[in-house]
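Commentary on secondary and tertiary structure
Listed below, chain by chain, are the residues.
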Amino acid sequence: MGDRVGAGTAPQVERRDFLKLGTLALGSLAGGSLLSACEGGGGGGTSGGGGGGGEITFASARFFGTSTMDKIVADYNASQNKVKVNYQELPPPSSSTEVHQQLVQRLARRNGNPDVFTQDVIWIAEFAGAGWALPLDQYFDDAARKEFFPGLIQACTSGGKLTALPWFVDSGMLYYRKDLLDAAGLQVPKTWPELTDAAKKITGDGKTKFGFLWQGKQAEVLVCDLVEFIHSNNGAILSPDGKTVQIADPPAVQAVQFMRDTFTSQGISPKDVLSWDEEPSRRPFTAGQAAFLRNWSYVYNVAQDPKGSQVVDKVGVAPLPSFEGGKSAAALGGYQYGVNANSKNKDAAIDFLRWMSSPETQLRFALEMGLAPTRPAVFDEADLKKKNAFMAKLKDVFVGATPRPVTPKYPQVTLAIQSGVSRALAGGDIASGLSGVKQEIERAVGS
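Remember, predicted model here, so these are calculated numbers, not experimental data.

The rules behind these values
- Residues numbered from 1 in each chain as written.
- Predicted model: local features only at pLDDT ≥ 70, side-chain atom pairs only at ≥ 80, totals over all residues.
- Heavy atoms only, no water.
- Pairing = 2+ DSSP bridges.
- Helix = DSSP H or I, 4+ residues; strand = E, 2+ residues; numbered from the N terminus.
- Contact = heavy atoms within 4.5 Å.
- Axes fitted to C-alpha atoms, helices over the stretch in contact; angles between N-to-C directions.
- Expected span 1.5 Å × (residues − 1).
- Polar contact = N/O pair within 3.5 Å; in protein donor to acceptor, adjacent residues only side chain to side chain.
- Phe/Tyr/Trp six-rings, centres within 6.5 Å; stacked < 30°, edge-to-face > 60°.
- Buried < 20%, exposed > 50% of the residue type's maximum accessible area, 1.4 Å probe, protein only.
- Core = buried A, V, L, I, M, F, W, Y, C linked by side-chain atoms within 4.5 Å.
- Salt bridge = Lys/Arg side-chain N within 4 Å of Asp/Glu carboxyl O.
- pLDDT = per-residue confidence, 0-100.
- Left-handed = near helix turned anticlockwise from the far one by under 90°.
- Nonpolar A, V, L, I, M, F, W, Y, C, P; charged D, E, K, R; others polar.

Sheet strands pair by backbone hydrogen bonding; their relative direction is either parallel or antiparallel. Strand order in this open sheet of three strands is S7-S12-S14, and the pairing throughout is mixed. For this open sheet the edge positions go to strand S7 (170-171) and strand S14 (401-402), each flanked by a neighbour on one side alone. Looking at chain direction, strand S12 (residues 330-333) and S14 are connected through two bridges and run parallel. Within S14, the residue paired with Ala330 across the bridge is Ala401. In this fold helix H9 (residues 220-231) packs onto S12 and S14, with an angle of close to 140 degrees to the strand it touches most, S12.

Written out as structure tokens, the structure reads:
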């Protein structure tokens, strides 16, 4: 995802391919189960949608599974006779730069094409700030928004307006060795101190080489990990309004100090984490060399593949820990829907958006394309629990989904974070390093 990350960042194409492994074996969706919560088109609202007809265009990055976006759009067209959607396929998320460039070029023309589009979560504020994204507040009221994970709605809100609608979600999560915790008589850690103690005990007993693996490479994934540590300590990088920089406040300094402590004073992580993104950190874990790993949802299917994993049936997944007094936070990834502010057929676009974001369609995306729902209720569907039990268990993980800084200046902000935090972790002067990052971000958001 622009973040290759649901995030993050190993070669995203690799992550996406692995994510699909769990669904390719499912076969086609067995047509029956529709969610009673959304009869008649899904998504409540106060106005708009339903009344418009005509022809619209829909541009989306290319995703694969046992179904395709082409097929899903065709099913919408066949479900009613008012609106005809023409699908325009963009490159896959692994080519996020190209996807972004194509969307920017098309939206900047302000000719209304495409009417509806999908976007990486980190582009939402940029597109809204440019005036390209239609505010959706009048179409999706408070009750409708509450049907989605709160973190997703927060990420889809820019300048106090809902300018995107959640499509699918990914986030960071904690992988752990069930067998090693059981053997040591340990519970799944809920706090970072508990994880530290458990990692020390397991490595001290000689059961694994590493205690805890994460991603500290100077790349987008470092921002994702940073969000999780800081927010789990009741801190933030940037205030919700995008104006107040909080990365040098005490909660953030304490969280980043802990990140450094993992490979210095605590010794539960190798210093190599400073050069690792997703895949280099994943490989030792699935090779049986680590007790804990922070990573994205794709890792689970890799861990269950006997061709390349030494930990088949030995891995559990849980929300990431928090600091004392904090709450679990998971960096938010995924693609979301947007409506072109210059669309000449907004009612038809909203009608299509309601259908695409409905519980029924989200269930299809989950089962046929491996894309996790953004509506908590869909995780309780019997069909999902039966055909993709792992995904169904992620509901508690996604409750803590937390967006990266929401600002139209995100490209500048993320580069400042990556370089400044990387230097601070390597050099050790955390407070001074974050103070420098704060100044860089202030220049970016104030420009």
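Here we come to helix H8 (residues 192-204). In this model H8 runs 18 Å from its N-terminal to its C-terminal C-alpha over 13 residues, within 8% of the 18 Å that 1.5 Å per residue would give. For H8, the elements touching its buried residues are strand S8 (173-177), helix H7 (178-184), strand S9 (210-213), H9, helix H10 (250-261) and strand S10 (290-295). For H8, the side-chain oxygen to backbone nitrogen distance between the N-cap and Glu194 is 3.1 Å, and the N-cap itself is Thr191. At the exit of H8 stands Gly206, carrying a positive phi of roughly 80 degrees.

What follows covers the packing of aromatic side chains. Taken as a whole, this structure holds 27 aromatic pairs when the rule is applied. Note on Phe58 and Tyr87: the rings are 5.9 Å apart at their centroids and 35 degrees apart in plane angle, and the pair reads as tilted. Of the two residues, Phe58 is situated in strand S1 (residues 54-61) and Tyr87 in strand S2 (residues 83-90); the sequence distance between them amounts to 29 residues. Residue class for Tyr87 comes out buried when judged on its relative accessible area of 17%. Ring centres of Phe63 and Phe168 lie 5.3 Å apart, and the angle between their planes is 80 degrees; this geometry places the pair in the edge-to-face category. With Phe63 in the loop between S1 and helix H2 (69-79) and Phe168 in the loop between strand S6 (165-166) and S7, the pair connects residues that are 105 residues apart, well separated along the chain. On the basis of relative accessible area, Phe63 is assigned to the buried category, the value being 6%.

Where burial is concerned, most of strand S3 (residues 116-120) is hidden: five out of the five residues are buried. Residues Val116, Thr118 and Asp120 of S3 are buried on one face, and the alternating residues Phe117 and Gln119, pointing to the opposite face, are buried as well. Strand direction decides the pairing type here: S1 and S3, joined by two bridges, are parallel. Following the sheet pairing, Phe58 is matched in S3 by Val116. Pairing analysis gives five bridges linking S3 to strand S13 (residues 335-339), with the strands arranged antiparallel. Within S13, the residue paired with Val116 across the bridge is Val339.

Relative to the helices and strands, Asn345 is located in the loop between S13 and helix H13 (346-356). Classification of Asn345 as buried rests on a relative accessible area of 16%. Once you skip the residues sitting within four places of it in the chain, Asn345 turns out to touch Gly53, Gly54, Glu55, Ile56 and Asp115.

Okay, the sheet that holds S9 next. Reading across the sheet, the four strands line up as S9-S10-S8-S11 and stay open at both edges, with mixed pairing between neighbours. The sheet terminates laterally at S9 and strand S11 (315-318), the two strands that pair on one side only. With direction set aside, neighbouring strand axes in the sheet form an average angle of 15 degrees. Pairing of S8 with S10 involves four bridges; the strand directions are antiparallel.

Counting 136 residues, the largest nonpolar core has Phe58, Leu136, Ile247, Phe292, Ile417 and Ile441 as its most contacted members. For this core, the element with the most residues is H9, which contributes eight residues. In contact with Leu136, other than residues within four places in its own chain, are Leu162, Thr163, Ala164, Leu165, Val339, Ile350 and Leu353.

This model, assessed by the stated rule, comprises 17 salt bridges. For the salt bridge of Asp75 with Lys71, the shortest nitrogen-to-oxygen distance reads 2.9 Å. Taken together, the residues span about one helical turn, with Asp75 and Lys71 both in helix H2 at a distance of four residues. Classification of Lys71 as partly exposed rests on a relative accessible area of 42%. Its salt-bridge partner being Glu220, residue Arg404 comes within 2.8 Å of it at the nearest N-O pair. Placement of Arg404 in the loop between S14 and helix H18 (410-427) and of Glu220 in helix H9 is noted, with a sequence separation of 184 residues between them. Overall, Glu220 belongs to the buried group, its relative accessible area being 12%. Through salt bridges with shared partners, one network takes in Lys71, Asp75, Arg364 and Glu368.

Turning our attention to the confidence of the model for the protein chain. Scored by pLDDT, the protein chain has a mean of 89; 88% of the residues are at 70 or more. Per-residue pLDDT stays below 50 along residues 1-50; that stretch engages in 166 contacts with residues further than four places along the chain or on separate chains.

Another point: the packing of H2 against H13. One way to put it is that H2 packs onto H13 with a least axis distance of 11 Å and a crossing angle of 115 degrees. When you trace H2 past H13, the crossing you get is right-handed. Across the interface between the two elements, Met69, Ile72, Val73, Asp75, Tyr76 and Ser79 of H2 pack against Ala348, Asp351, Phe352, Trp355 and Met356 of H13. In terms of residue class, the contact of H2 with H13 is made up of eight nonpolar, one polar and two charged.

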